[in-house]
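Coordinates in review
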Amino acid sequence: METRRVTSFDGTDIAYRVTAPPFAGAKTVVLVNGLAASYLAWRAQIEYLSDQYRFITWDYRGMYASKRPSPDVPGAYEVANHVRDLEAILAAEGIRHGALMGWSMGVQVALEAFRRLPGFAANLVLLNGTYRRPLETMGPLPGLGRFFPPLVDLAARAHTAATRATRLPVGQPDAVSWLQRMGLLGKTLDRQALAELLEPGPFDMEAFLRNLRALGTHDAEDVLEQIDVPTLLIAGDRDAFTPRALTQSMARRIAMSEILVVRGGTHTTAVEFPELVSLRIERFFADHGF
């Protein structure tokens, strides 16, 4: 993927990546990342489908190659602002219509994009995600999620105070273990699969925590009944972070939805079962004329 840059609405420098169109008139798939993972998490899907579609994705503000927003911008890390970053990218590339494919946090961003970019989405593909206040819905046990928001606030304050600890090499065992304990990386992934999730280089833990804290307040429950395009929902039956019950709840509320539950899949189902997931997405696109 070629890396390009755009200046967003508030002056934040955003890095985004594109594949070349495989042919004139090829349709665009917007890949909406999980928070901790880079575009490399989509490697299998890009390799399998890049002869049929053009792909675009971006690094969230403060993450990987994108710069932090100004500290003077109120609510700088809110989900709505990630959508405004996407708007700037689409404007720069002259794209007015496409598919939205989101994983984990990307499900929240994709739902918000559906709300704020009417008419853009031809369809939605939503993997291992939820639709409301993810820090409260996370975890396999009812009510467990209420313990996470204060923990995130505590971690954010600790990392802000200790600035030396806010930029950890992604490959560092402590950083990887921390992300796995948070449920953002599957513990079953081997090192090669992990390399597909996390881009080498510095990992801005403070920006990560600020994004996570803002994500925890986002609620897109009211969007579900508004979705009027074909929607594919994919869940793993061993996903402890976003249990499949959340996906099944979304399927009941989205009129034109289909669901795939992958046996043995965790929160990183698309990386653990790349062939199955890619084939199902390809069939979904074909079935709906995309």
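You'll find the structure just up there.
The paragraphs below set out a description of the structure included in this document. Along every chain, residues carry numbers that run from 1 in the direction the sequence is written. Per-residue local features are limited, in this predicted model, to residues with pLDDT of at least 70; the limit for side-chain atom pairs, both in listing and counting, is 80 or more; totals at the level of whole chains, interfaces and linings are taken over all residues. Water and hydrogen atoms play no part in the side-chain values, which are based on all heavy atoms of the structure.

With that settled, consider the packing of aromatic side chains. Planes of paired rings set the category: under 30 degrees apart is stacked, over 60 is edge-to-face and the rest tilted, where pairs are Phe, Tyr or Trp rings (Trp by its six-membered ring) whose centres lie within 6.5 Å. Scanning the entire structure with this criterion turns up 7 aromatic pairs. Between Trp 58 and Tyr 60, the aromatic rings sit 5.8 Å apart at their centres with planes inclined by 85 degrees, giving edge-to-face as the arrangement. Residue Trp 58 shares its accessibility class with Tyr 60, and that shared class is buried. Taking 5.6 Å as the distance between ring centres and 50 degrees as the angle between the ring planes, the aromatic pair formed by Phe 203 and Phe 208 counts as tilted. Ring pairs connect the aromatic residues Tyr 53, Phe 284, Phe 285 and Phe 290, which therefore count as one cluster. One residue, Arg 84, lies across the ring of Phe 9, its end atom 3.7 Å from the ring centre. Buried, partly exposed and exposed residues are distinguished by accessible area as a fraction of the type maximum, computed with a 1.4 Å probe on protein chains only: under 20%, between the cut-offs, and over 50%, respectively. A ring is scored as having a charge over it whenever the NZ atom of a lysine or the CZ atom of an arginine sits within 6 Å of its centre and within 35 degrees of its normal.

This part covers helix H11 (residues 274–287). Numbering of helices and strands runs from the N terminus; a helix is a DSSP stretch of H or I covering at least four residues, while a strand is a stretch of E covering at least two. Multiplying 1.5 Å by the residue count of a helix minus one yields the expected span of that helix. Here H11 spans 20 Å end to end across 14 residues, near enough to the 20 Å set by a 1.5 Å rise per residue. Burial in H11 covers these residues: Pro 274, Val 277, Ser 278, Arg 280, Ile 281, Phe 284 and Phe 285. One side of H11 carries all its buried residues, which in axial view fall inside an arc of 165 degrees. Among the exposed residues of H11, those oriented more than 90 degrees off its buried face are Glu 275, Ala 286 and Asp 287. Immediately downstream of H11, the backbone of Gly 289 shows phi near 70 degrees, a positive value. Picture the helix axis, draw a direction to every C-beta atom, and the arc is the one those directions span.

For every element, the axis is a line fit to its C-alpha atoms; helices are fit only across the contacting stretch, and the angle between N-to-C directions ranges from 0 to 180 degrees. Running from amino to carboxyl end, helix H2 (residues 79–93) crosses helix H3 (residues 105–116) at an angle of 70 degrees, the nearest separation of the two axes being 9 Å. As the angle between them shows, H2 and H3 are arranged roughly perpendicular. Where H2 crosses over H3, the two elements pack in a sense that is right-handed. Between H2, through Val 79, Ala 80, His 82, Val 83 and Leu 86, and H3, the contact on the second element is made entirely by Met 105, Gln 108, Val 109, Glu 112, Ala 113 and Arg 116. Here the residues of the contact of H2 with H3 sort into 7 nonpolar, 2 polar and 2 charged. Each angle gets one of four labels, with under 35 degrees taken as roughly parallel, over 145 as roughly antiparallel, 65 to 115 as roughly perpendicular, and the rest as oblique. For a crossing to be left-handed, the near helix must be turned anticlockwise from the far one by less than a right angle; the clockwise case is right-handed. Only heavy atoms matter for contacts: two residues are in contact if any of them lie within 4.5 Å across the pair. Here the term charged refers only to Asp, Glu, Lys and Arg, the term nonpolar to Ala, Val, Leu, Ile, Met, Phe, Trp, Tyr, Cys and Pro, and the term polar to all other amino acids, Gly among them.

What follows deals with the pairing of strand S3 (residues 28–32). Of all 5 residues in S3, 5 are buried, a share of seventy percent or more. Going residue by residue along S3, you find Thr 28, Val 30 and Val 32 tucked away on one face and Val 29 and Leu 31 tucked away on the opposite face as well. At least two DSSP bridges between two strands are required for those strands to pair. Of the strand pairs in this sheet, S3 and strand S4 (residues 54–58) are connected by 4 bridges, and their pairing is parallel. Of the residues in S4, the one forming a bridge with Thr 28 is Arg 54. For the handedness criterion, the β-α-β arrangement of S3, helix H1 (residues 43–49) and S4 is classed as right-handed. As paired elements, S3 and strand S5 (residues 98–103) share 4 bridges and run parallel to each other. Along S5, the bridge assignment pairs Val 30 with Leu 100. With the strands aimed away from the viewer, a crossover counts as right-handed if its path from the first strand over the helix to the second runs clockwise.

Moving on: the nonpolar core. Formed by 54 residues in total, the largest nonpolar core has its most connected members in Trp 58, Leu 100, Leu 111, Phe 208, Ile 227 and Met 250. Looking at this core, the elements that each hand over two or more residues are strand S2 (13–18), S3, S4, H2, H3, strand S6 (121–127), helix H8 (205–215) and helix H9 (244–253). Once residues lying within four places of it in the same chain are set aside, the contact partners of Leu 100 are Val 30, Leu 86, Ala 110, Ala 113, Phe 114, Phe 120, Ala 121, Asn 123, Leu 124 and Val 125. Residue types Ala, Val, Leu, Ile, Met, Phe, Trp, Tyr and Cys, when buried and joined through side-chain atoms within 4.5 Å, form a set referred to as a nonpolar core.

The next thing to look at is the side chain of Ser 278. By the secondary structure assignment, Ser 278 is in helix H11. Residue class for Ser 278 comes out buried when judged on its relative accessible area of 3%. When sequence neighbours within four positions are dropped, the list of residues in contact with Ser 278 reads Ala 44, Gln 45 and Tyr 48.

A word on the sheet that holds S6. Pairing is mixed across the open sheet formed by 8 strands, whose spatial order is S1-S2-S4-S3-S5-S6-S9-S10. Edge positions in the sheet fall to strand S1 (2–7) and strand S10 (257–262), since each has one partner strand and no second. Between one strand axis and the next, the sheet turns by 20 degrees as a mean value, whatever way the strands run. Note: S2 against S4, 3 bridges, orientation antiparallel. When the sheet's bridge partners are listed, Tyr 16 is paired in S4 with Trp 58. With respect to the sheet, H2 is in contact with S1, S2, S3, S4 and S5, its orientation differing from that of S4 by roughly 140 degrees. In the packing of H11 onto the sheet, the strands contacted are S3, S5, S6, strand S9 (231–236) and S10, and the crossing angle to S6 comes to about 160 degrees.

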